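Reading the structure
Here are the chains, one letter per residue:
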There are 2 protein chains.
Amino acid sequence: MRTVEWKNHALHLIDQRILPSRFEVIAYRDYHDVTKAITDMVVRGAPAIGVTAAFGMALAAQQSPAKDRDSLLIDLDHAKEILDEARPTAVNLKWATDRVMKYARGLVLKNVDDIRSSVLAEAQKMADEDVEINIRMAKHGAALIHDGDSVLHHCNTGALAVVDYGTALGVIRMAHEQGKKIHVFVDETRPRLQGARLTAWELKNLNIPFDLIADTAAGHFMQSGKVKSVFVGADRITANGDVANKIGTYQLAVLAKENGIPFYSVAPTSTVDLSLPDGSHIPIEERPMDEVLNLQFNGERVTPEGITARNPAFDVTPNKYVTAIVTENGVVYPPFEEGLRKAVQS
Amino acid sequence: MRTVEWKNHALHLIDQRILPSRFEVIAYRDYHDVTKAITDMVVRGAPAIGVTAAFGMALAAQQSPAKDRDSLLIDLDHAKEILDEARPTAVNLKWATDRVMKYARGLVLKNVDDIRSSVLAEAQKMADEDVEINIRMAKHGAALIHDGDSVLHHCNTGALAVVDYGTALGVIRMAHEQGKKIHVFVDETRPRLQGARLTAWELKNLNIPFDLIADTAAGHFMQSGKVKSVFVGADRITANGDVANKIGTYQLAVLAKENGIPFYSVAPTSTVDLSLPDGSHIPIEERPMDEVLNLQFNGERVTPEGITARNPAFDVTPNKYVTAIVTENGVVYPPFEEGLRKAVQS
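Residues numbered from 1 in each chain as written. Chains lettered and ligands numbered in written order. Predicted model: local features only at pLDDT ≥ 70, side-chain atom pairs only at ≥ 80, totals over all residues. Heavy atoms only, no water.

Right, let's talk about the environment of B:Ile26 for a bit. Residues and elements named next belong to chain B. For isoleucine 26, the position within the fold is in strand 3 (residues 25–28). Classification of isoleucine 26 as partly exposed rests on a relative accessible area of 25%. The spatial distance from the C-alpha of isoleucine 26 to the C-alpha of alanine 104 is 27 Å, given a sequence separation of 78 residues. Those residues in contact with isoleucine 26 that sit more than four places away from it in its chain are Leu11, His12, Leu13, Asp15, Arg17 and Val42. (Helix = DSSP H or I, 4+ residues; strand = E, 2+ residues; numbered from the N terminus. Buried < 20%, exposed > 50% of the residue type's maximum accessible area, 1.4 Å probe, protein only. Contact = heavy atoms within 4.5 Å.)

Laid out in structure tokens, this is it:
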């Protein structure tokens, strides 16, 4: 199934908090629950969050008791405000709710049930587009991976981070499907371990050779010449090409540059926020400290009781460390300002 | 008690594998068991390993059935070979067994029991010297920390990594004891989590303010200007000032340099290996992959079954990223070649 899928009058999400030990799907029929699912990271990954929020809007339309168009739009506006607050950093969430809202406002329909159906159809269209966009990105990006390469990958950017296929991991998957012999260094991505849990699970299922490494070992493998390129996703890319992405991305980018290794961010143009001039304007979510503190090892809690942690969920990689940004409309090289504008508009 | 302590005719080691959830001390009376304790990381930290190996030699002398000086020296030589293989990267181990061996050979005693007693006394002297050396290092290094500073610390270099007090963490502790208001960013240090387990435990007990962070967040806090200096220990420092230390050190050093933050390695001169011209000659231990794979989260194993990992335990930081090396004989600045030679000889 898709990571984000509409069926039987409900939104179905794969519960990513418990993978790979258990595979469970949760059905949602209330957009408030969808908001919470995004906040609690049942679903994560910028593109997956975007499409989930679009279906959240479709649910809000169905939940609304409105009997006329204007009342329904007011209820949708209210739902959008709630959904937009679910997580602050990924721009795809707001991009998706903006698109649904604009679409709903633009409808010439008067019957509220027709509007409800159309909003759902638009969300479904966004889900289908997401898959198609991922394939296009993967084809553009796969040309950057050469036969025999070992590549380093951060967090999870596979099918679980989107509706299906993947962004950065989609590029790696496409290179593999093209018959290139590749190997992936999968970093764990503390604190939530999306690499150790989700990327390892996806690569294993895809039969793509990989080794898991601690986040502390990434620099060593770059320094020792084993890593030929680094691939990451993005949660928001500003007009100048600064990339907000999962915490740990910035340091990988610095290390890649220091070692002469190309560093690629793979993201759909819905991730590009041309309204922000640079990364200093991106809000960085700080998540509960328990995500850092509740680690277990050998069956016992690792950390002493009563201590504190800092837990920023994202960081910003300045554009000078980014070799290229892979979008569904092509690979954008510096200067990013012009290239990103063209990619978004094409 | 000390981390490494001789009492009641046995070597006592704090079992660092189960801290902080349990505090247990293991008594050793056989040098083969001491060797295994070093390999299994009951005891870790280059200076602690060195003194432990010295006591291992003392145990070997007591275990030896030799009735004459020459036979005892042969048995000691054999024990040294076994102890030296316990872990390959930290040079303090071989430094300590070399010193005991040289000391034993130099003795003019003929009675083997007198030799046994003298070897034990020498090991005890090394333990006492280690504490005194740590205090001297801490005083030299504390001058590098200013009132109000937040400093970043990697792995564990506190009392648990030495006989008592600490190397890099000793410097931080001394600055605190001098009344400076300081704060420490403690990184977890995957895979064995010495930061999350041991450093957090020591700092909590010392009432030094700190926050635990994921290894992925170190770069972000440097980039955002919060980190004023970085302090790490060392497992081997070559003649040119290259520093082998816990995996993850290299990337912290690169990030510090990129952000204009001073990067300090704190280590006794017993860590300096003048026989090696540079870090490319240092053997890097790769430990069992299960250290990466057996992580738990929310009560469940994190990683899928049947996957592989790479687990280098150390990396090498080229001297160009090192601001200074703090030894018991003073702070050594570049060019390190000359300064380290003087520090070792003084």
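The structure having been displayed, the exposition proceeds.
Judged by nonpolar contacts, the single largest core of 72 residues is most densely connected at A:Phe231 and B:Phe231. Discounting chain neighbours no more than four positions away, the residues touching A:Phe231 are A:Leu144, A:Ile145, A:Val151, A:Leu152, A:His153, A:His154, A:Ala168, A:Val171, A:Ile172, A:Tyr264 and A:Val266. The next biggest cluster of nonpolar side chains, apart from the first, holds 62 residues, and it includes A:Ala234, A:Ile247, A:Ala267 and B:Ile325. (Core = buried A, V, L, I, M, F, W, Y, C linked by side-chain atoms within 4.5 Å.)

Counted under the stated rule, the structure contains ten aromatic pairs over all chains. Ring centres 5.7 Å apart and planes at 10° place the aromatic pair B:Trp6 and B:Phe55 in the stacked group. On the criterion of sequence distance, the pair formed by B:Trp6 in strand 1 (residues 4–7) and B:Phe55 in helix 2 (residues 46–63) is long-range, its members being 49 residues apart. Summarising the burial analysis for this pair, B:Trp6 and B:Phe55 share the class buried. Aromatic pair B:Tyr250 and B:Tyr321: ring centres 6.1 Å apart, planes at 80°, arrangement edge-to-face. Note that B:Tyr250 is positioned in helix 9 (residues 249–258) and B:Tyr321 in the loop between strand 14 (314–317) and strand 15 (324–327), a separation of 71 residues in sequence. Residue class for B:Tyr321 comes out buried when judged on its relative accessible area of 5%. Over the ring of A:Phe314 we find A:Lys246, and its NZ or CZ is 4.4 Å from the ring centre. (Phe/Tyr/Trp six-rings, centres within 6.5 Å; stacked < 30°, edge-to-face > 60°. Lys NZ or Arg CZ within 6 Å of the ring centre and 35° of its normal.)

Once that is clear, we can look at a nonpolar patch on the surface. Judged by side-chain polarity, A:Met1, A:Phe23 and A:Val25 come together as a nonpolar surface patch covering roughly 270 Å² of accessible area. Turning to its location among the elements, A:Met1 is positioned in the segment before strand 1 (4–7). (Patch = residues over 30% accessible without salt bridge, like charges linked within 9 Å, V, L, I, M, F, W, Y side chains within 5 Å. Areas by Shrake-Rupley, 256 points an atom, 1.4 Å probe, with all protein chains shown as cover. Salt bridge = Lys/Arg side-chain N within 4 Å of Asp/Glu carboxyl O.)

Residue and element names in this part refer to chain B. The three strands lie next to each other as 1-2-3, forming an open sheet whose pairing is antiparallel. Strands at the two margins of the open sheet, each flanked by one partner only, are strand 1 and strand 3. Sheet twist, expressed as the average angle between the axes of neighbouring strands with direction ignored, equals 30°. Alignment of strand 2 (residues 10–14) against strand 3, held across four bridges, turns out to be antiparallel. Residue isoleucine 14 lies in a different strand from strand 3, and its bridge partner there is valine 25. The sheet strands contacting helix 2 are strand 1, strand 2 and strand 3, and the helix crosses strand 1 at an angle near 25°. (Pairing = 2+ DSSP bridges. Axes fitted to C-alpha atoms, helices over the stretch in contact; angles between N-to-C directions.)

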